[in-house]
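Structural characterization, general
In case you want the letters, here they are:
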Amino acid sequence: MIRNDNKGEKVMNYIELLSVGCLLTKDLKVFPINCNEVPETASEADEYMGVHIYDLTDEWYCNLSSDDLVDFFAFIEIVNKDNMVMSVYNEWKTDIWSKWEDVNNCYMNLELDTMAVA
């Protein structure tokens, strides 16, 4: 579910990915959902600054539920449609999708324009 929350002057577009306990913003940064505690160490402070999707590990992607995987790519395509080189994006997407299928032993149809679950 894509959310638009008004925070003063800013509108924050994001999607919650509950299977990995994170949310993804329109800036393609991932944050933990539970950020209500003050960081106590430098590494915790770094975590609260967010991680760009290209810096996530295969393990993170493979722990997405099937619904979150589909929603993840749909969200990226909506918020970043004018800023993508499609050939590079489609190769990256196919790589992640294939690894997810192998790890989860669950095979879904990957269509590069739209997504469908088999």
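For the structure itself, consult the block above.
Residues numbered from 1 in each chain as written. Predicted model: local features only at pLDDT ≥ 70, side-chain atom pairs only at ≥ 80, totals over all residues. Heavy atoms only, no water.

Focus: the side chain of D68
- Note that D68 resides in helix 3 (residues 66–79).
- When its relative accessible area of 9% is taken as the criterion, D68 is described as buried.
- Discounting residues that sit within four places of it in the chain, D68 has contacts with E16, L17, L18 and S19. (Helix = DSSP H or I, 4+ residues; strand = E, 2+ residues; numbered from the N terminus. Buried < 20%, exposed > 50% of the residue type's maximum accessible area, 1.4 Å probe, protein only. Contact = heavy atoms within 4.5 Å.)

A closer look at the pairing of strand 4 (residues 29–32)
- Bridging between strand 3 (residues 22–25) and strand 4 involves 3 bridges; their strand directions are antiparallel. Across the sheet, residue C22 finds its bridge partner in strand 4, namely P32.
- In textbook terms, the turn of a hairpin is the stretch between consecutive antiparallel strands, and for strand 3 and strand 4 this stretch comprises 3 residues, one of which, L28, has a positive phi near 65 degrees.
- Here strand 4 pairs with strand 5 (residues 51–52) via 2 bridges, running antiparallel. Across the sheet, K29 pairs through a bridge with H52, a residue of strand 5. (Pairing = 2+ DSSP bridges.)

Comments concerning the pattern of salt bridges
- Tallying each qualifying case throughout the model produces 3 salt bridges.
- Linking K93 and E77 is a salt bridge whose minimum nitrogen-to-oxygen distance equals 2.6 Å. Separated by 16 residues along the polypeptide, K93 in helix 4 (residues 86–104) and E77 in helix 3 bring together distant segments of the chain.
- For E77, a relative accessible area of 17% puts it in the buried group.
- The salt bridge partner of K99 is D95, with a shortest N-O separation of 3.2 Å. In this pair, K99 and D95 both sit in helix 4, 4 residues apart, roughly one turn of the helix.
- Residue K99 is classed as partly exposed on the basis of its relative accessible area of 30%. (Salt bridge = Lys/Arg side-chain N within 4 Å of Asp/Glu carboxyl O.)

A short note on the packing of helix 3 against helix 4
- Relative orientation of the contacting elements helix 3 and helix 4 amounts to 175 degrees, with a least axis distance of 12 Å. With respect to helix 4, the axis of helix 3 lies roughly antiparallel. On helix 4, the residues that touch S66, L69, V70, F72, F73, I76 and E77 of helix 3 are Y89, W92, K93, I96, W97 and W100.
- Taken together, the residues of the contact of helix 3 with helix 4 sort by class into 10 nonpolar, 1 polar and 2 charged. (Axes fitted to C-alpha atoms, helices over the stretch in contact; angles between N-to-C directions. Parallel < 35°, antiparallel > 145°, perpendicular 65-115°, else oblique. Nonpolar A, V, L, I, M, F, W, Y, C, P; charged D, E, K, R; others polar.)

A look at the nonpolar core
- In terms of nonpolar packing, the biggest core is built from 25 residues, with L24, I53, W60, Y61, F72, I76 and W92 touching the most fellow members.
- Those elements that place two or more of their residues in this core are strand 2 (10–17), strand 3, helix 2 (58–62), helix 3 and helix 4.
- In terms of residue count, the dominant contributor to this core is helix 3 (6 residues).
- The residues touching F72, leaving out its near neighbours within four places in the chain, are L17, L24, I53, W60, Y61 and W92. (Core = buried A, V, L, I, M, F, W, Y, C linked by side-chain atoms within 4.5 Å.)

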